[in-house]
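Residues per chain, in single letters:
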Amino acid sequence: MYTASLRPLRYLQLVVAHGSFRAAGLAAGISQPAISQAMQRLEREWCIPLFEKEGRRKRPTAQALRVLDRLAEIGNALESLATQPVDDWAGRATATAPSTSTLTVGMAPAAAALYGPVIEEIWRSHHPEGRLQVINSHSEDMLAALDRSEIDLVIAPQSSSRASAGRATQSLHAAMPVLCARAGHPLTRATSLAQVAGAGWAVESDDGAGTTVIREALRARRLPLPAVRVECSDYPALFDVVARSDLLCVVPHPVLLPCDDPPRIVPLRIQDPLPHYDVSVSWQVLPRRNVAAAVMAIIRVLTALPAHMH
């Protein structure tokens, strides 16, 4: 049995984009029960679960993401038919140029280290000659660019900015920040934030994730805010400065630590808890036509990765 209307499919897109039946109802201008009934009807017709609970949010299942993938393909096919030259309908052969599509992904540095290889592999399987462009900026700026269709995917700490009706978001992992120092630093034996509060700090960005973590951690314990001595352009530069000085640094995720042997940078064994934050992937509910299939394939793989991959 097939649904007789495309409207429930639009509701499905809105639930995925907004994370709840209530928010989807507000975006569609209908009641929450109407959204719930539409989703239940789809589940009965298709005999698949569409959502699972994640706190107060509705997390789409892998089957739901595959449905959205198919919707994107159908929409792209319809768009292609609508713009196809009349001569093509007469059966005339037309030469097609090789794909030179570009996928633009906004990612924080830790996200790029975690997910970059996976994204590149999936993108290459869909567009062997395509180009993958990775950019890094503030989360709010990247999400704004996503809403303007200037970026196809954003992987970054969850933003407090207002959700967009055309944007879908799914949590990927909780960041695990660590405090670090050069090997042999006197503070490598420190076990509390109070012991490192008076140190000088090197940061990758004065308002980046690492700086925010240490500021919030010290502020929560009413300790002096960190004395930032050096601001670096990237993490390799940051690690080089820390390895050659007595400055400390914050690394948003252990995956960013350099694999030196012997190690130049070592994590501190601070027992006080540090602020953790969620990192999410965001994408357009209706991705750009020429990259839609690849985008949805990437979403399916990223959201299905086991916990130890994060």
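That block above? That's the structure.
What you see is a predicted model, and the numbers here were worked out from it, not measured in a lab.

**Some points on the sheet that holds strand β11 (residues 265–267)**
Right, on to step 1. Strands sit in the order β10-β7-β11 across an open sheet of three strands; the sheet is antiparallel. Because the sheet does not close on itself, it has two edges, and the strands there are β10 (249–251) and β11. Across this sheet, the average inter-strand angle for adjacent strands is 40°, counted without regard to direction.
Right, on to step 2. Where strand β7 (residues 178–182) lies against β11, three bridges are found, and the strand directions are antiparallel. Across the sheet, the residue bridging to A181 is V266, located in β11.
Right, on to step 3. Packing against the sheet, helix α10 (residues 235–243) makes contact with β7, β10 and β11, and its axis sits at approximately 140° to β10.

**Let's talk about the pattern of salt bridges**
Right, on to step 1. With the rule as written, the count across this model stands at ten salt bridges.
Right, on to step 2. The salt bridge partner of R124 is E120, with a shortest N-O separation of 3.0 Å. Note that R124 and E120 are positioned in helix α6 (residues 109–126) at a spacing of four residues, about one turn of the helix.
Right, on to step 3. R182 is the partner of D246 in a salt bridge, and the nearest nitrogen-oxygen pair spans 2.7 Å. You can see D246 sitting in the loop between α10 and β10 and its partner R182 sitting in strand β7, a full 64 residues away along the chain.
Right, on to step 4. One salt-bridge network, held together by shared partners, links D240, R244, D260 and R264.

**Thoughts on the packing of helix α2 (residues 21–28) against helix α3 (residues 32–46)**
Right, on to step 1. Interhelical geometry of α2 versus α3 gives an angle of 110° and a closest axis separation of 8 Å. As summarised for this structure, α2 and α3 are arranged roughly perpendicular, according to the angle between their axes. Between α2, through F21, R22, A24 and G25, and α3, the contact on the second element is made entirely by Q32, I35, S36 and M39.

**Quick word on the side chain of T169**
Right, on to step 1. By secondary structure assignment, the location of T169 is in strand β6 (residues 167–174).
Right, on to step 2. In terms of polar contacts, T169 uses its side chain to reach the side chain of S282, at 2.9 Å.
Right, on to step 3. Excluding residues within four positions of it along the chain, T169 makes contact with V16, A17, R57, S280, V281, S282 and W283.

**Some words on the packing of aromatic side chains**
Right, on to step 1. A full pass over the atoms with the stated rule returns two aromatic pairs.
Right, on to step 2. For the ring pair F21 and F51, a centre distance of 5.9 Å and an interplane angle of 85° mean the geometry is edge-to-face. Of this pair, F21 sits in helix α2 while F51 sits in strand β1 (residues 51–54); the two residues are 30 residues apart in sequence, bridging distant segments of the chain.
Right, on to step 3. Judged by its relative accessible area of 13%, F51 falls in the buried class.

Rules used throughout
Residues numbered from 1 in each chain as written. Predicted model: local features only at pLDDT ≥ 70, side-chain atom pairs only at ≥ 80, totals over all residues. Heavy atoms only, no water. Pairing = 2+ DSSP bridges. Helix = DSSP H or I, 4+ residues; strand = E, 2+ residues; numbered from the N terminus. Axes fitted to C-alpha atoms, helices over the stretch in contact; angles between N-to-C directions. Contact = heavy atoms within 4.5 Å. Salt bridge = Lys/Arg side-chain N within 4 Å of Asp/Glu carboxyl O. Parallel < 35°, antiparallel > 145°, perpendicular 65-115°, else oblique. Polar contact = N/O pair within 3.5 Å; in protein donor to acceptor, adjacent residues only side chain to side chain. Phe/Tyr/Trp six-rings, centres within 6.5 Å; stacked < 30°, edge-to-face > 60°. Buried < 20%, exposed > 50% of the residue type's maximum accessible area, 1.4 Å probe, protein only.

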